[in-house]
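Given next are the chains, with one letter for each unit.
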Amino acid sequence: MEHNRLSKMRSHTALRDLVSETHLHKDQLIMPFFIVEGTRISDPIKSMPGIHRISSDVLVTEIGELLKLGVRSVLLFGVSSEKETLAQSAYRADNIVQKSIRTLRRHYSSDELCIITDVCLCGHTLNGHCGIMKGTEIDLEQTLDILAKIAVSHAVSGTDFVAPSAMMDGQVAVIRNALDDNKFHKVKIMSYSVKFASNFYGPFRDAYGSAPQFGDRKTYQMDYRNPGEALREVEQDIMEGADVVMVKPALAYLDIIYRVKQSFNIPLAAYNVSGEYAMMKQYASESGVPEKDLILESVIAMKRAGADMIITYFAKELAQWI
Ligand code: PBG
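Quantities reported herein were computed from a predicted structural model and do not represent experimental measurements. Counting starts from 1 at the beginning of each chain's written sequence and moves along it residue by residue. Per-residue local features are limited, in this predicted model, to residues with pLDDT of at least 70; the limit for side-chain atom pairs, both in listing and counting, is 80 or more; totals at the level of whole chains, interfaces and linings are taken over all residues. Excluded from the side-chain calculations are hydrogens and water; all other atoms, namely the structure's heavy atoms, are used.

### Some thoughts on helix 9 (residues 274-287)
So, point 1. Secondary structure elements are defined from DSSP: runs of H or I of at least 4 residues count as helices, runs of E of at least 2 residues count as strands, and each element is numbered from the N terminus. In a helix, the anticipated span is given by 1.5 Å times the number of residues less one. A rise of 1.5 Å per residue sets the reference length of helix 9, with its 14 residues, at 20 Å; its end C-alpha atoms lie 20 Å apart and thus fit the reference within 8%.
So, point 2. When accessible area is computed with a 1.4 Å probe and restricted to protein chains, residues below 20% of their type maximum are described as buried, those above 50% as exposed, and intermediate ones as partly exposed. Within helix 9, the full set of buried residues consists of Ser274, Gly275, Glu276, Tyr277, Ala278, Met280, Lys281 and Ala284.
So, point 3. Buried-residue contacts for helix 9 involve helix 6 (202-208), strand 11 (268-272), helix 10 (291-305) and helix 11 (315-321).
So, point 4. Immediately downstream of helix 9, the backbone of Gly288 shows phi near 80°, a positive value. The contact criterion used is simple: two residues touch if any of their non-hydrogen atoms lie within 4.5 Å.

Laid out in structure tokens, this is it:
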């Protein structure tokens with residue numbers, strides 16, 4: 001025998017499934033939602049075909065459908081038209097996220113639905129930055145104080161996880177302390193530990209109304225040339241009390257996902273971001289390649305790299321396919 005014919009293991013579907021090394025489960029999918037004030041609103045987001053800004057009544061219906069399909073985790077973003085210097089609206093009890101959490105909790109317990117809420121200032125500040133700016137620099141102390149207030153107000157409303165995405169040094173520790181001080185020992189932290197200053201967030205900023213009005217996010221989000229620094233970010237977040245760490249974006253950062261998974265023993269989320277979504281949608285529609293094939297290939301790549309869970313705008317479609 002000159003060589004082993006490895007291709008014999010590829011001859012039939014059942015066989016290929018039997019020997020497949022990577023598995024994607026519905027339990028591992030997290031669907032993001034953009035919520036707005038009002039009722040019966042489903043406002044299409046131009047740059048993200050198929051995704052809408054929705055009011056909380058529509059959210060309840062949408063989540064009902066997702067649950068039927070087997071997806072049980074959601075990530076909530078509250079789209080706010082109230083922009084303030086100190087992002088005060090973000091931690092008001094009657095803010096749209098807080099209200100939506102309470103509405104969802106009336107319908108679904110934590111056993112049925114895992115609610116994760118994004119904690120950041122960019123959707124609530126006048127200038128669209130993720131922290132409070134003093135001139136062109138972040139005022140870290142003031143920013144951390146506000147992030148902690150937002151996290152606690154989400155906890156009061158009944159969220160399961162807060163997900164700080166501001167990329168402010170020390171944010172996980174400050175939030176953990178604030179949650180504990182307010183007796184929310186059981187509320188968990190999914191940290192956007194490795195969030196790169198990426199060009200793939202464009203459609204999200206459009207949907208969320210959070211594009212920075214001046215400068216960019218390079219002084220707080222990570223430089224995409226630095227895998228070593230990514231590991232240090234994860235290490236610090238774990239020490240500060242993160243329960244799940246995240247790498248974001250996903251598709252152009254599979255090496256980072258792989259390295260984090262190899263280096264740390266903690267649940268790892270990959271965020272398949274808005275620009276990746278738009279890119280795949282457009283390629284599928286222009287090339288005629290079936291969306292299902294394209295999306296499964298890319299999401300399986302994230303799993304193969306080491307992601308335990310995937311935040312993706314394709315969660316609903318994926319649940320129908322797997
Ligand atoms: C808020 C935030 C952003 C995303 C998630 N949380 C945008 C940003 O940092 O500008 C991006 C998500 C996506 O592109 O799908 N800080």
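### Considering the site of the ligand
So, point 1. If you check the shell around the ligand, you find 19 residues, and the closest are Lys195, Arg205, Lys248, Ser274 and Tyr313.
So, point 2. One nitrogen or oxygen atom from the side chain of Arg205 is found 2.6 Å from an oxygen atom belonging to the ligand.
So, point 3. Here a nitrogen atom of the ligand sits 3.4 Å away from a polar atom, N or O, in the side chain of Lys248.
So, point 4. We get accessible surface area from the Shrake-Rupley algorithm with a probe of 1.4 Å; when it comes to residues, only the shown protein chains can shield them. The fraction of the free accessible surface of the ligand (400 Å²) that becomes covered by protein chains is 100%.
So, point 5. Secondary-structure elements contributing two or more residues to the shell around the ligand are strand 9 (188-195) and helix 6.
So, point 6. Across the shell around the ligand, the residue classes tally to 11 nonpolar, three polar and five charged. In these notes, residues near a molecule or strand are those with any non-hydrogen atom within 4 Å of it. N or O atoms closer than or at 3.5 Å make up a polar contact, with two conditions inside protein: a donor-capable atom paired with an acceptor-capable one, and, for residues adjacent in sequence, both atoms drawn from side chains. Throughout, the ten residues Ala, Val, Leu, Ile, Met, Phe, Trp, Tyr, Cys and Pro are labelled nonpolar, Asp, Glu, Lys and Arg are labelled charged, and all others, Gly among them, are labelled polar.

### Here's the deal with the UniProt feature "binding site: 5-aminolevulinate 2" (unreviewed entry) in the protein
So, point 1. UniProt positions are given in the numbering used here, feature names are shortened, and annotations may be inferred rather than shown by experiment. According to UniProt, the feature "binding site: 5-aminolevulinate 2" (unreviewed entry) maps to Ser274 and Tyr313 in the numbering used here. A maximum C-alpha distance of 7.6 Å is found for the annotated residues, which run over 40 residues; spatially they form one tight group.
So, point 2. One can find Ser274 in helix 9.
So, point 3. Once residues within four sequence positions are removed from consideration, Ser274 is found in contact with Met48, Phe200, Tyr201, Gly202, Pro203, Phe204 and Tyr313.
So, point 4. A polar contact of 3.4 Å, which involves the side chain of Ser274, links it to the backbone oxygen of Phe200.
So, point 5. Here Tyr313 is in contact with Met31, Pro32, Phe34, Met48, Ile51, Phe204, Tyr271, Asn272, Val273, Ser274 and Tyr277, once residues within four sequence places are set aside.

### Quick look at the pairing of strand 3 (residues 52-55)
So, point 1. For strand 1 (residues 29-36) and strand 3, the ladder comprises three bridges, and the chain directions are parallel. From the neighbouring strand, Phe34 faces strand 3, where its bridge partner is Arg53.
So, point 2. In this structure, strand 2 (residues 42-44) lies alongside strand 3, joined through three bridges in antiparallel fashion. What sits directly across from Ser42, in strand 3, is Ile54. Paired strands, as defined in this entry, are two strands with at least two bridges between them according to DSSP.

### Some points on a nonpolar patch on the surface
So, point 1. Residues Met9, Leu18 and Val19 make up a contiguous nonpolar surface patch of about 280 Å² in total accessible area.
So, point 2. When you line up the elements, Leu18 lands in helix 1 (residues 13-18).
So, point 3. Residue Leu18 is classed as exposed on the basis of its relative accessible area, which comes to 67%. Here, patches come from residues exposed beyond 30% relative accessible area and free of salt bridges, joined within 9 Å for like charges and within 5 Å for nonpolar side chains (Val, Leu, Ile, Met, Phe, Trp, Tyr). When a carboxyl oxygen of Asp or Glu lies within 4 Å of a side-chain nitrogen of Lys or Arg, that pair is called a salt bridge.

### As for the UniProt feature "binding site: Mg(2+)" (unreviewed entry) in the protein
So, point 1. Here the UniProt feature "binding site: Mg(2+)" (unreviewed entry) sits at Glu233.
So, point 2. Positionally, Glu233 belongs in helix 7 (residues 227-240).
So, point 3. The contacts of Glu233, once residues within four sequence positions are left out, are Met167, Ser193 and Met222.

### What to know about the nonpolar core
So, point 1. Among the buried residues, those of types Ala, Val, Leu, Ile, Met, Phe, Trp, Tyr and Cys that are joined through side-chain atoms within 4.5 Å form a nonpolar core. If you look at the biggest cluster of nonpolar residues, it comprises 107 residues, and the most contacted ones within it are Phe33, Phe34, Leu75, Leu76, Leu104, Met190 and Tyr271.
So, point 2. Here this core takes eight residues from helix 4 (residues 140-157), the largest share from any one element.

### Considerations on the pattern of salt bridges
So, point 1. What the rule picks out here adds up to 13 salt bridges.
So, point 2. Glu37 is paired through a salt bridge with Lys99; the nearest N and O atoms lie 3.0 Å apart. Of this pair, Glu37 sits in the loop between strand 1 and strand 2 while Lys99 sits in helix 3 (residues 96-107), placing them 62 residues apart in sequence.
So, point 3. What makes Glu37 partly exposed here is its relative accessible area of 43%.
So, point 4. Given a relative accessible area of 31%, Lys99 falls into the partly exposed group.
So, point 5. Residues Arg53 and Asp43 are paired through a salt bridge, measuring 2.7 Å at the closest nitrogen-oxygen approach.

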